Amino acid sequence: MLSQLLSDFDWTRAAIIFVTYVIIDILYAMYVICVSKRQAVNAAFVSSFLYSLGAYGVISYSKNPLYVVPLAVGAFLGTYIVVKYNSRE
């Protein structure tokens, strides 16, 4: 089973998933900020992008659960970037 997962693992797809989830976490932070400021239209646009990008990740890791690793690392980095950036302000 593991050998099959490893043979189906594509590093390019893993990199795309990583970058996608960095962007998703940044967008999620923007979404929370828009909702807290009651900016309905902005929050709705960000939400639609969030769910569209998220669907790509779900489709990818449902085919190969090893893609959860770049997904999790990307999510970690996205949150880290947003929190570090906002702590400067």
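Residues numbered from 1 in each chain as written. Predicted model: local features only at pLDDT ≥ 70, side-chain atom pairs only at ≥ 80, totals over all residues. Heavy atoms only, no water.

1. Some remarks on helix H4 (residues 68-88)
Compared with the 30 Å implied by 1.5 Å per residue over 21 residues, the 31 Å span of H4 between its first and last C-alpha is a close match. Within H4, the full set of buried residues consists of Pro-70, Leu-71, Gly-74, Ala-75, Gly-78 and Val-82. Relative to the axis of H4, the buried residues are bounded by an arc of 140 degrees and lie together on one face. Turned more than 90 degrees from where H4 packs its buried face, Val-69, Phe-76, Val-83, Ser-87 and Arg-88 sit exposed. In the core, the buried residues of H4 are packed alongside helix H2 (11-36) and helix H3 (40-63). (Helix = DSSP H or I, 4+ residues; strand = E, 2+ residues; numbered from the N terminus. Expected span 1.5 Å × (residues − 1). Buried < 20%, exposed > 50% of the residue type's maximum accessible area, 1.4 Å probe, protein only. Arc of directions from axis to C-beta. Contact = heavy atoms within 4.5 Å.)

2. Some details on unusual backbone geometry
The phi torsion of most residues other than glycine is negative, and most of the peptide bonds are trans. In the Ramachandran plot, Arg-38 falls in the positive-phi region, its phi being about 60 degrees despite a non-glycine side chain. Within the secondary structure, Arg-38 sits in the loop between H2 and H3.

3. A word on the side chain of Asn-64
Summarising the element assignment, Asn-64 is placed in the loop between H3 and H4. For Asn-64, a relative accessible area of 2% puts it in the buried group. Separated by 2.9 Å, the side chain of Asn-64 and the backbone oxygen of Leu-5 make a polar contact. (Polar contact = N/O pair within 3.5 Å; in protein donor to acceptor, adjacent residues only side chain to side chain.)

4. A few points about the confidence of the model for the protein chain
For the protein chain, per-residue confidence averages 90 on the pLDDT scale, and 99% of positions sit at 70 or higher. At the level of individual helices and strands, the protein chain shows its lowest average pLDDT in helix H1 (residues 2-8), which scores 85, and its highest in H2, which scores 92. (pLDDT = per-residue confidence, 0-100.)

5. A look at the packing of H2 against H4
Their axes nearest at 7 Å, the elements H2 and H4 cross at an angle of 40 degrees. The angle between H2 and H4 falls in the class oblique. For H2 against H4, the interelement crossing comes out right-handed. Contact residues: Ala-14, Ile-17, Phe-18, Tyr-21, Val-22, Asp-25, Ile-26, Ala-29 and Ile-33 in H2; Pro-70, Leu-71, Val-73, Gly-74, Ala-75, Leu-77, Gly-78, Thr-79, Ile-81, Val-82 and Asn-86 in H4. Among the residues forming the contact of H2 with H4, the class breakdown is 15 nonpolar, 4 polar and 1 charged. (Axes fitted to C-alpha atoms, helices over the stretch in contact; angles between N-to-C directions. Parallel < 35°, antiparallel > 145°, perpendicular 65-115°, else oblique. Left-handed = near helix turned anticlockwise from the far one by under 90°. Nonpolar A, V, L, I, M, F, W, Y, C, P; charged D, E, K, R; others polar.)

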